[in-house]
Amino acid sequence: MRTSETVGESIVAPTSLKVDGARLWQSLMELAKIGATPKGGVRRLALTDLDRQGRDLVVGWLRDAGATIEIDGAGNIFATRRGRDDTSRVVLTGSHVDTQPSGGKFDGNYGVLAGLEVLRTLNDASIVTKKPVGVAIWTNEEGTRFIPTMGGSGAFARVFTLDYLLGQRDIDGISFGEALHRIGYAGSAPVGERAVDAYFEAHIEQGPILEREDKVIGVVTGALGQRWYDCSWTGQDAHAGPTPMEARHDALRGASRMVEAVNAVALKHAPDGRATVGFMQVKPNSRNVIPGQVAMSIDVRHPDDEALAAMDRELREAAAVIARDLRLECDVRQVVEFPASHFDDECVSSVDRAAEMLGLSRRKIVSGAAHDAVYLSRVAPTSMIFVPCKDGISHNEIEDARPEHLEAGANVLLHAVLARAGI
Ligand code: GLV
Ligand code: MN
Ligand code: MN
């Protein structure tokens, strides 16, 4: 990496080039007003009016930064800043602006706005890169309103078809395609035909490691593999009073035992295995009716694909035993699956070198969370940059991160992008 010189029309030495941390923070706080919750978090579910408002705001900022905006059929937004060689593949960054129902201000939003800050910084320094530099906003990363998680980036990487994605329904029966049209973000650009030179995504860690070890930057080498399931329990609705205990077919009992079984499977695969039941729907959900139907989610994660397959077997066995014991029917249907990801060595080194050049403490880290980078890594060399978040808490309204860490991560992003895009 060059150390200091005048480049092209730029009067700023590249190694001393820095993002404006205050401007990044201000943008984060401005975007966080859309869907703001009383405890300081954000509720901005994918493809809702609030998602549209968030997208509109950021697209306006990206346009003001001189980027060309294109939207594809999955609602993914691509903002491109021209390079000297526009035939070259784009060096892409980005993340998502949809949030969890009780989400925070930084998950996803940080990666998008760090990308915007990179464009603004290049503009301020009048730097024209050789390759174009782009910022992507991927649709429905969270997978909370619509399955699958990382819907937009998954369609982009052709992990599943656009038709499959558009046909997915939320809990009220509204399809992804209907919701996308309704907010005006069903674009005409083809999904997945964009040639990407490399993808770098900045994100808060969402776990405790960086904070615990007092490191500013996580150089992300990959992510856990995951499997998600829809698990349904069918018994029989019956009266809570007259129905003897031994005569019941209580679907909620089955689901309750399954919650314990899911946790036991993860504990058996400790310390790397993770398994969670985060969603449950009890029917008819009446105080004096024995529940005849329960739908629940299961989310299983592990860095080792064989261990993940073993967890799958153990879960299914546990469900069969519970169903037999309680005289219930149980269906376990896998709805998401991706193996552990291993990011590109050169992109990982590039993040590491940028952090070193900036004098930032760092460590290699594997992501416990899913990110759009997981699917991008299938179609382009990819890596990620993590910064600490307070107490490792995320997917929570109280999610917090220090402005100086967010600024440091954006500086690493800037220099990883610059090194790749060339000047
Ligand atoms: C995405 O937020 C995930 O589930 O890790
Ligand atoms: Mn995220
Ligand atoms: Mn998330």
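From a predicted model like this one, the values you see are computed outputs, not experimental measurements.

1. Quick word on the overall build of the chain
For step 1, the next point in the chain: Counting secondary structure elements, the chain contains twelve helices and 16 strands.
For step 2, the next point in the chain: The C-alpha atoms of the chain give 23 Å as radius of gyration, which agrees with the globular expectation for 423 residues (22 Å, within 12%).
For step 3, the next point in the chain: Across its three principal axes, the chain shows a C-alpha extent of roughly 85 × 45 × 40 Å.
For step 4, the next point in the chain: In the chain, buried positions account for 57% of the 423 residues.
For step 5, the next point in the chain: Considering only intrachain contacts with a sequence separation of at least 6, the fraction spanning at least 24 residues in the chain is 79%.
For step 6, the next point in the chain: Accessible surface computed for the chain: about 17,500 Å², of which carbon and sulfur atoms make up 48%.
For step 7, the next point in the chain: Averaging the coordinates of the 47 positive side-chain charges in the chain and doing the same for the 58 negative ones gives two points 1 Å apart.

2. With respect to the pattern of salt bridges
It is possible for side chains of opposite charge to pair when their charged atoms get near one another.
For step 1, the next point in the chain: This model, assessed by the stated rule, comprises 26 salt bridges.
For step 2, the next point in the chain: Its salt-bridge partner being Asp124, residue Arg23 comes within 3.0 Å of it at the nearest N-O pair. Of this pair, Arg23 sits in helix 1 (residues 21-31) while Asp124 sits in helix 3 (residues 109-124), placing them 101 residues apart in sequence.
For step 3, the next point in the chain: When the shortest N-O distance is used, the salt bridge between Asp170 and Arg145 registers 2.9 Å. Remark: Arg145 occurs in the loop between strand 4 (133-137) and helix 4 (151-156) and Asp170 occurs in the loop between helix 5 (162-167) and helix 6 (176-182); sequence separation between them is 25 residues. For the pair shown, Asp170 and Arg145 are each scored as buried.

3. Here we look at the coordination of the manganese ion (ligand 2)
For step 1, the next point in the chain: Within the first shell, the manganese ion (ligand 2) binds the protein through His96 (NE2), Asp107 (OD) and His203 (NE2), at distances of 2.0 to 2.3 Å.
For step 2, the next point in the chain: Donor residues for the manganese ion (ligand 2), ordered by position in the chain, follow H-x10-D-x95-H.
For step 3, the next point in the chain: Separating the manganese ion (ligand 2) and the manganese ion (ligand 3) is a distance of 3.7 Å, and Asp107 donates to both of them. On the criterion of sequence distance, the pair formed by His96 in the loop between strand 3 (90-95) and helix 3 and His203 in strand 5 (residues 196-204) is long-range, its members being 107 residues apart.

4. Description of the coordination of the manganese ion (ligand 3)
For step 1, the next point in the chain: Bound to the manganese ion (ligand 3) are the protein donor atoms Asp107 (OD), Glu142 (OE), Glu142 (OE) and His395 (NE2), situated 2.1 to 2.4 Å from the metal.
For step 2, the next point in the chain: The sequence motif formed by the donor residues of the manganese ion (ligand 3) is D-x34-E-x252-H.

5. Brief notes about the site of ligand 1
For step 1, the next point in the chain: The environment of ligand 1 is made up of Glu141, Glu142, Trp228, Arg301, Ala369, Ala370 and His395.
For step 2, the next point in the chain: A distance of 3.0 Å separates an oxygen atom of ligand 1 from a polar side-chain atom of Glu142.
For step 3, the next point in the chain: One of the side-chain nitrogen or oxygen atoms of His395 is found 3.1 Å away from an oxygen atom of ligand 1.
For step 4, the next point in the chain: Isolated, ligand 1 exposes 190 Å² of accessible area, and the fraction of that covered by the protein chains is 95%.
For step 5, the next point in the chain: The residue inventory of the shell around ligand 1, partitioned by class, reads three nonpolar, one polar and three charged.

6. Quick word on the nonpolar core
For step 1, the next point in the chain: In terms of nonpolar packing, the biggest core is built from 99 residues, with Leu62, Tyr110, Leu113, Phe200, Ile217, Leu406 and Val412 touching the most fellow members.
For step 2, the next point in the chain: The dominant element in this core, judged by the number of residues it contributes, is helix 12 (residues 403-421), at ten residues.
For step 3, the next point in the chain: Dropping the residues within four chain positions of it, Ile217 is found in contact with Leu210, Ala355, Leu360, Ser361, Arg362, Arg363, Ile385, Phe386, Val387, Ala408, Gly409 and Val412.
For step 4, the next point in the chain: By size, the runner-up hydrophobic cluster in this structure holds 26 residues, among which are Trp233, Ala255, Ile298 and Leu315.

7. Things to note about the packing of helix 1 against helix 3
For step 1, the next point in the chain: Orientation of helix 1 relative to helix 3, taken along the N-to-C sense of each, is 140 degrees, at an axis distance of 10 Å. In terms of their interaxial angle, helix 1 and helix 3 are classed as oblique. Our pair here, helix 1 against helix 3, has a crossing hand that is right-handed. Seen from helix 1, the contacting residues are Arg23, Leu24, Ser27, Leu28 and Leu31; seen from helix 3, they are Asn109, Tyr110, Leu113, Ala114, Glu117, Arg120, Thr121 and Asp124.

8. Focus: the packing of helix 1 against helix 2 (residues 49-64)
For step 1, the next point in the chain: It is at 10 Å that the axes of helix 1 and helix 2 come closest, and there the two elements cross at 155 degrees. Compared by their axis directions, helix 1 and helix 2 come out roughly antiparallel. Residue-level contacts link Ser27, Glu30 and Leu31 of helix 1 to Gly54, Leu57, Val58 and Trp61 of helix 2.
For step 2, the next point in the chain: Grouping the constituent residues of the contact of helix 1 with helix 2 by class yields four nonpolar, two polar and one charged.

9. Thoughts on the side chain of Ser27
For step 1, the next point in the chain: Inspection of the secondary structure puts Ser27 in helix 1.
For step 2, the next point in the chain: When neighbours within four sequence positions are excluded, Ser27 is seen to be in contact with Trp61, Leu113 and Arg120.

10. Details of helix 8 (residues 251-268)
For step 1, the next point in the chain: Taking 1.5 Å of rise per residue, 18 residues should cover 26 Å, and helix 8 covers 26 Å from first to last C-alpha, within 8% of that figure.
For step 2, the next point in the chain: Restricting attention to buried positions, one finds in helix 8 the residues Ala251, Gly254, Ala255, Met258, Ala261, Val262, Val265 and Ala266. Looking down the long axis of helix 8, one finds its buried residues gathered within 135 degrees of arc, a one-sided arrangement. In helix 8, the exposed residues that point more than 90 degrees away from the buried face are Glu260 and Leu267.
For step 3, the next point in the chain: With a side-chain oxygen positioned 2.9 Å from the backbone nitrogen of Leu252, the residue opening helix 8 is Asp250.

11. Quick notes on the pairing of strand 7 (residues 225-234)
For step 1, the next point in the chain: Across the ten residues of strand 7, seven count as buried, placing the element largely inside the fold.
For step 2, the next point in the chain: As paired elements, strand 7 and strand 13 (residues 329-338) share nine bridges and run antiparallel to each other. The residue bridging Tyr229 from the neighbouring strand is Gln334, located in strand 13.

Cut-offs applied
Residues numbered from 1 in each chain as written. Chains lettered and ligands numbered in written order. Predicted model: local features only at pLDDT ≥ 70, side-chain atom pairs only at ≥ 80, totals over all residues. Heavy atoms only, no water. Helix = DSSP H or I, 4+ residues; strand = E, 2+ residues; numbered from the N terminus. Rg over C-alpha atoms; globule rule 2.2 N^0.38 Å. Buried < 20%, exposed > 50% of the residue type's maximum accessible area, 1.4 Å probe, protein only. Contact = heavy atoms within 4.5 Å. Areas by Shrake-Rupley, 256 points an atom, 1.4 Å probe, with all protein chains shown as cover. Lys, Arg positive; Asp, Glu negative; His and termini not counted. Charge placed at Lys NZ, Arg CZ, Asp CG, Glu CD. Salt bridge = Lys/Arg side-chain N within 4 Å of Asp/Glu carboxyl O. Donors = N, O, S within 2.8 Å, 3.2 Å for Na, K, Ca; no water. Near = heavy atom within 4 Å. Polar contact = N/O pair within 3.5 Å; in protein donor to acceptor, adjacent residues only side chain to side chain. Nonpolar A, V, L, I, M, F, W, Y, C, P; charged D, E, K, R; others polar. Core = buried A, V, L, I, M, F, W, Y, C linked by side-chain atoms within 4.5 Å. Axes fitted to C-alpha atoms, helices over the stretch in contact; angles between N-to-C directions. Parallel < 35°, antiparallel > 145°, perpendicular 65-115°, else oblique. Left-handed = near helix turned anticlockwise from the far one by under 90°. Expected span 1.5 Å × (residues − 1). Arc of directions from axis to C-beta. Pairing = 2+ DSSP bridges.

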